[in-house]
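# Observations on chain architecture
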Amino acid sequence: MRHRQKNIAVGQLTTYGTPRAVRLPDSDYADNADIHVTICAAAGAPFAEDAVAAMVCHNVEFYCEKLGFLLHGYCLMPDHLHVLLSPADSEIKLDKWLDVFKSYTTHEFMKQGRHAPLWQRSAHDHVCRKGETAETVLAYIVDNPVRAGLVKEWVDWPWTKAFTAM
């Protein structure tokens, strides 16, 4: 398994000044592992607009299917996106999914008369580890709008989908 964690000091895992998120050593994030990805908007709350939110949600699903990723679910908040996915058997690196997804959605955002950048350069990703399951991580993800006080039940948030039973 390429994503096995080694005993490395936290200070050695920083990536200050680079656009990459902190990654586990020796991992290309192309394994069949569930990964929780958080991507923040570059500025403001662009996903509060229905047209932008609908476009982003559509493309989360589209690029998972196109690249052969397993999509457990997602939640788009006004200023950030949570996605739980797995490269599954695609052998495609998470970086590739992020690159094509962020590039295309930024292009579509600009076609709507808005200005780039849409996304921050980096993303935070977290491989589900011992004691975590897709179900527990997905439950955390979909509960975001409830914790933010936007809705009382997660199913009432229009920009959340769960494909894995919780």
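Predicted model only: the values in this text are computed from it and were never measured.

Right, let's talk about the confidence of the model for the chain for a bit. Any segment with low pLDDT has predicted coordinates that should not be analysed in fine detail. The pLDDT averaged across the chain works out to 84; a share of 81% of its residues lies at or above 70. The low-confidence segment residues 1-25, where pLDDT is below 50, has 38 contacts with residues more than four positions distant or belonging to other chains.

Turning our eyes to something else, we now look at the sheet that holds strand S4 (residues 124-127). Where strands meet in a sheet, backbone hydrogen bonds hold them as pairs that are either parallel or antiparallel. If you walk across this open sheet you meet the 5 strands as S4-S1-S3-S2-S5, and the pairing is antiparallel. Whereas interior strands pair on both sides, the edge strands pair on one side only; in this sheet they are S4 and strand S5 (160-162). On average, adjacent strands in this sheet sit at an angle of 15° to one another, irrespective of strand direction. Here strand S1 (residues 35-40) pairs with strand S3 (residues 80-86) via 6 bridges, running antiparallel.

The end-to-end C-alpha separation of helix H2 (residues 94-111) is 26 Å, in line with the 26 Å expected for 18 residues at 1.5 Å each. Among all positions of H2, only Leu-94, Trp-97, Leu-98, Phe-101, Lys-102, Thr-105, Thr-106, Glu-108 and Phe-109 are buried. Along the long axis of H2, the arc covered by the buried residues comes to 160°, so they all point the same way. Exposed residues pointing more than 90 degrees away from the buried face of H2 are listed as Asp-99 and Lys-111. Next to the buried residues of H2 lie S1, helix H1 (50-67), S3 and S4. Downstream of H2 by one or two residues, Gly-113 has phi in the positive range, about 90°.

What follows is about the pairing of S3. Two faces make up the sheet, and in a regular strand the side chains alternate between them. Here S3 lies mainly inside the structure; 7 of its 7 residues are buried. Burial along S3 is two-sided: the residues His-80, His-82, Leu-84 and Ser-86 and Leu-81, Val-83 and Leu-85 are all buried. Two elements, strand S2 (residues 70-76) and S3, share 6 bridges in a ladder whose sense is antiparallel. Of the residues in S3, the one forming a bridge with Leu-70 is Ser-86.

Here we take up the side chain of Lys-102. Its location among the elements puts Lys-102 in helix H2. Here Lys-102 is buried and forms no salt bridge, its nearest opposite-charge partner Asp-99 lying at an N-O distance of 6.6 Å. At 3.1 Å, the side chain of Lys-102 forms a polar contact with the backbone oxygen of Arg-121. Look past the residues within four positions of Lys-102 in its chain and what remains in contact with it is Ile-39, Trp-119, Gln-120, Arg-121 and Ser-122.

On to the pattern of salt bridges, then. A complete count under the given rule lists 4 salt bridges for this structure. For Glu-108, the salt bridge is made with Lys-111, and the minimal N-O distance between the two is 3.3 Å. Separated by 3 residues within a single helix, Glu-108 and Lys-111 lie in helix H2, roughly one turn from each other. The partner of Asp-143 in a salt bridge is Arg-147, and the shortest N-O contact between them spans 3.6 Å.

Moving on to the nonpolar core. Among the nonpolar cores identified, the biggest contains 43 residues, and Ile-39, Val-56, Leu-81, Leu-85, Trp-97 and Phe-101 are the most heavily contacted of them. When contributions to this core are tallied by element, the ones reaching two or more residues are S1, H1, S2, S3, H2 and helix H3 (134-142). The element contributing the most residues to this core is H1, with 9 residues. Once you skip the residues sitting within four places of it in the chain, Trp-97 turns out to touch Ile-39, Val-60, Tyr-63, Cys-64, Leu-67, Phe-69, Val-83 and Leu-85.

Moving on to H1. Taking 1.5 Å per residue as the helical rise, H1 with its 18 residues ought to reach 26 Å, and the 26 Å between its terminal C-alpha atoms agrees with that figure. Those residues of H1 not exposed but buried are Val-52, Ala-53, Met-55, Val-56, Cys-57, Asn-59, Val-60, Tyr-63, Cys-64 and Leu-67. Of the residues flanking the end of H1, it is Gly-68, one or two places downstream, whose phi is positive at about 80°.

Analysis parameters
- Residues numbered from 1 in each chain as written.
- Predicted model: local features only at pLDDT ≥ 70, side-chain atom pairs only at ≥ 80, totals over all residues.
- Heavy atoms only, no water.
- pLDDT = per-residue confidence, 0-100.
- Contact = heavy atoms within 4.5 Å.
- Pairing = 2+ DSSP bridges.
- Helix = DSSP H or I, 4+ residues; strand = E, 2+ residues; numbered from the N terminus.
- Axes fitted to C-alpha atoms, helices over the stretch in contact; angles between N-to-C directions.
- Expected span 1.5 Å × (residues − 1).
- Buried < 20%, exposed > 50% of the residue type's maximum accessible area, 1.4 Å probe, protein only.
- Arc of directions from axis to C-beta.
- Lys, Arg positive; Asp, Glu negative; His and termini not counted.
- Salt bridge = Lys/Arg side-chain N within 4 Å of Asp/Glu carboxyl O.
- Polar contact = N/O pair within 3.5 Å; in protein donor to acceptor, adjacent residues only side chain to side chain.
- Core = buried A, V, L, I, M, F, W, Y, C linked by side-chain atoms within 4.5 Å.

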